[in-house]
Amino acid sequence: MIYFDKVSKIYNANSIALKDVTVTIEHKEFVSIVGHSGAGKTTLLKMILAEERPTKGVVYFDSQNIHKLRPKMMNTIRRKIGTIFQDFKLLPNKTAFENIAFAMEVAGRPDEEISADVPHVLELVGLGNKMESFPGELSGGEKQRVAIARAIVNHPDIIMADEPTGNLDPVNAFEIIHILKKIHDLGTTVILTTHNKGVVDSVGKRVITMEDGKITRDDKHGKYSL
Amino acid sequence: MFLTNVKRILRSGLMNFWRNSFVSLSSILIMSVTLLVIGCVIFTGVTLKASLAELEKKVDINVYFMDTAPESDVLEIKKSLEALPEVLAVEYISREQAIADFKERHKDDQLTLQALEELGKNPLGATLNIKAKEPSQYAGIDKFLSGDSVIYKNGVRVIDETNFNDNKTAIERLNKIMDSARKLGLVITLVLTLLSVLITFNTIRLTIFVSREEIQVMQLVGASYKFIRGPFVVCGVLYGLVAGVITLIIFYPVTFWVRDATADFFGTINLFDYYLANFSQMFFIVIGAGVLIGALSSYLAVRRYLRL
């Protein structure tokens, strides 16, 4: 489904984010990417969203070269990918409801569907009573749940979570991972980057370890080992 | 689908306008200043034009005829003057009219009237008062009047004198002043308008700079360019509309005050009446400029951040 073919990202001689990375992520996989800060985890995710362009190599999504797509096609692909970030990236001037509704509006879903699905998905992440709250009125854990609700509401093929637990306390962190596991069980590919050992070990699925822009390990049922 | 999208973009724009009330307020204030400048430029232009026209009206050439000149000759010259393309109007003051005017002017001056009485005949000649279409054309008319065939009829002098040379310097100076006033006015208009438009453009760019992360998030969720840009453009249009209305309201008392303050100075143009009479035109210029500047600034400013 996603294939990195000898991808390098070189900003300058002293700043190399990715070095010759070749990796395949299959349909319905749950992949954890671990590594220190600056190991290249986030760059890898940004390549899939075409937020960054590779200096060398090609990134394929369903056998299409992502960086050769027209903006319109790229938008279609982005709607197939739900993204979750460490800093949540919610729209600050929209309520929890509107943040999720926005993702549906963007996908061209009709109003009736929006007013039915948004409360449902907010219930799913345990925020049924916070629909009209603005991001500023929510705790970190709650914001991340809104972000997850936004990521899954369009039934994406892939969920990409970039350090989703980085700003959360352990209890909230495990709840978020629990939700991600549930989403994966329902048949969605999940790509998770983290440097939280507890989180990775509790998932018990494929673990890719990165160091200095290179993949150093790739274990089918891995543990956090750095 | 198209209608749904338009509805969503409009709603989102309205909501941003309302929820970012502080940002909206400051943008509206800056834009109002811009529109005020544009309006003032228009008013200044109108005042300048009216004052210059008034001054131009005051310039003329008088032709004084000999008191012996027969009326038929005077009327003949009047006719040939009127045939000149430069001439706007020729006023004929007959000898009788001239003496009547003179008596009227000196009706309290018994000594002068008595002297006139003792003279026993009308010492005044007829006069032609000529107005040209443009001040620069007086030289040509004067040239025509100084031709011998005009001054002498059948060998007898009919024209005593013309006062063009007295007015010549004044006319030439006025010509120069009006020419540079027009040029200066144009330059000032352009510079002021450009400056205020740039300031507004930068203000709106700043408000969108604040939203740059939001724009990034929208793109990551897969929003199309139109869908992201739309609400910002709607907001810009709203800034322009509100600022335009504020400007139009402010002009009402301002032109009223200016009328009273400058009535003695300009005398001719009443800005308050002008504003009311040309309100629909001012409405379209001010609101139109506001909406255009708002929409265009937003459109261009968002484009900078649409590059994922």
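Further up the page is the structure itself.
Residues numbered from 1 in each chain as written. Chains lettered and ligands numbered in written order. Predicted model: local features only at pLDDT ≥ 70, side-chain atom pairs only at ≥ 80, totals over all residues.

## Re the overall build of chain B
No. 1: Scanning chain B for helices and strands turns up 12 helices and six strands.
No. 2: The C-alpha radius of gyration of chain B comes to 32 Å, more than 25% above the 19 Å expected for a compact globule of 308 residues.
No. 3: With the C-alpha coordinates of chain B rotated into their principal frame, the extents come out at 105 × 40 × 35 Å.
No. 4: Classification of the 308 residues of chain B by burial places 29% in the buried group. (Helix = DSSP H or I, 4+ residues; strand = E, 2+ residues; numbered from the N terminus. Rg over C-alpha atoms; globule rule 2.2 N^0.38 Å. Buried ≥ 20, exposed ≤ 12 C-beta atoms within 10 Å, placed from the backbone.)

## Things to note about the packing of helix α2 (residues 21–58) of chain B against helix α12 (residues 279–305) of chain B
Residues and elements named next belong to chain B.
No. 1: At a closest axis distance of 10 Å, the pairing of α2 and α12 adopts a crossing angle of 140°. One element, α2, and the other, α12, form an angle in the oblique class. Viewed along their axes, α2 and α12 form a crossing whose handedness is right-handed. Taking contact as the criterion, the partners of Met31, Thr34, Leu35, Ile38, Gly39 and Ile42 in α2 are, on α12, Met282, Ile285, Val286, Ala289, Gly290, Ile293 and Gly294.
No. 2: For the contact of α2 with α12, the residue count by class is nine nonpolar, four polar and no charged. (Axes fitted to C-alpha atoms, helices over the stretch in contact; angles between N-to-C directions. Parallel < 35°, antiparallel > 145°, perpendicular 65-115°, else oblique. Left-handed = near helix turned anticlockwise from the far one by under 90°. Contact = placed C-beta atoms within 7 Å. Nonpolar A, V, L, I, M, F, W, Y, C, P; charged D, E, K, R; others polar.)

## Observations concerning helix α6 (residues 138–145) of chain B
In an α-helix, one turn spans 3.6 residues; hence positions three or four apart end up facing the same way.
No. 1: All of the buried residues in α6 of chain B are Tyr138, Ile141 and Asp142 of chain B. Buried residues of α6 of chain B fall within an arc of 100° about the axis and therefore sit on the same side. (Arc of directions from axis to C-beta.)

## Some details on unusual backbone geometry
Residue and element names in this part refer to chain A.
No. 1: Although it is not a glycine, lysine 6 sits at a positive phi angle of roughly 50°.
No. 2: Tracing the backbone shows lysine 6 in strand β1 (residues 2–12).
No. 3: The class for lysine 6 is partly exposed, based on 13 C-beta atoms found within 10 Å.
No. 4: Located in the positive-phi region is lysine 28, a residue other than glycine, with phi close to 65°.
No. 5: Position of lysine 28 among the secondary structure elements: in the loop between β2 (15–25) and β3 (30–34).

## Some points on the interface of chain B and chain A
No. 1: Taken residue by residue, the interface counts 15 residues in chain B and 16 residues in chain A.
No. 2: Among the residues forming the side of chain B that touches chain A, the class breakdown is eight nonpolar, four polar and three charged.

## Here we look at helix α1 (residues 41–48) of chain A
All names here are of chain A.
No. 1: Taking burial as the measure, the eight residues of α1 include seven buried ones, the bulk of the element.
No. 2: Looking at α1, one finds that the buried residues are Lys41, Thr42, Thr43, Leu44, Leu45, Met47 and Ile48.
No. 3: Immediately downstream of α1, the backbone of alanine 50 shows phi near 60°, a positive value.

## Points about the packing of helix α3 (residues 96–106) of chain A against helix α5 (residues 140–152) of chain A
Packed helices, taken two at a time, are described by their axes: the angle between them and the distance between them.
All names here are of chain A.
No. 1: Where α3 contacts α5, the two axes come as close as 8 Å, and the packing angle between them is 25°. Regarding the angle of α3 to α5, the classification is roughly parallel. Like other packed secondary-structure pairs, α3 and α5 cross with a definite hand, here right-handed. Residues Ala96, Asn99, Ile100 and Ala103 of α3 form the contact with α5, whose own contacting residues are Val146, Ala149 and Arg150.

## Looking at the sheet that holds β3 of chain A
Residue and element names in this part refer to chain A.
No. 1: Sheet architecture is open: six strands sit in the order β6-β7-β8-β3-β9-β10, paired in mixed fashion. Where the open sheet ends on each side, the last strands, each with one partner, are β6 (81–85) and β10 (214–219). On average, each strand axis in the sheet is tilted by 15° relative to the strand beside it, whichever way the strands run.
No. 2: Across five bridges, the pairing between β3 and strand β8 (residues 189–194) is parallel. When the sheet's bridge partners are listed, phenylalanine 30 is paired in β8 with valine 190. (Pairing = 2+ DSSP bridges.)

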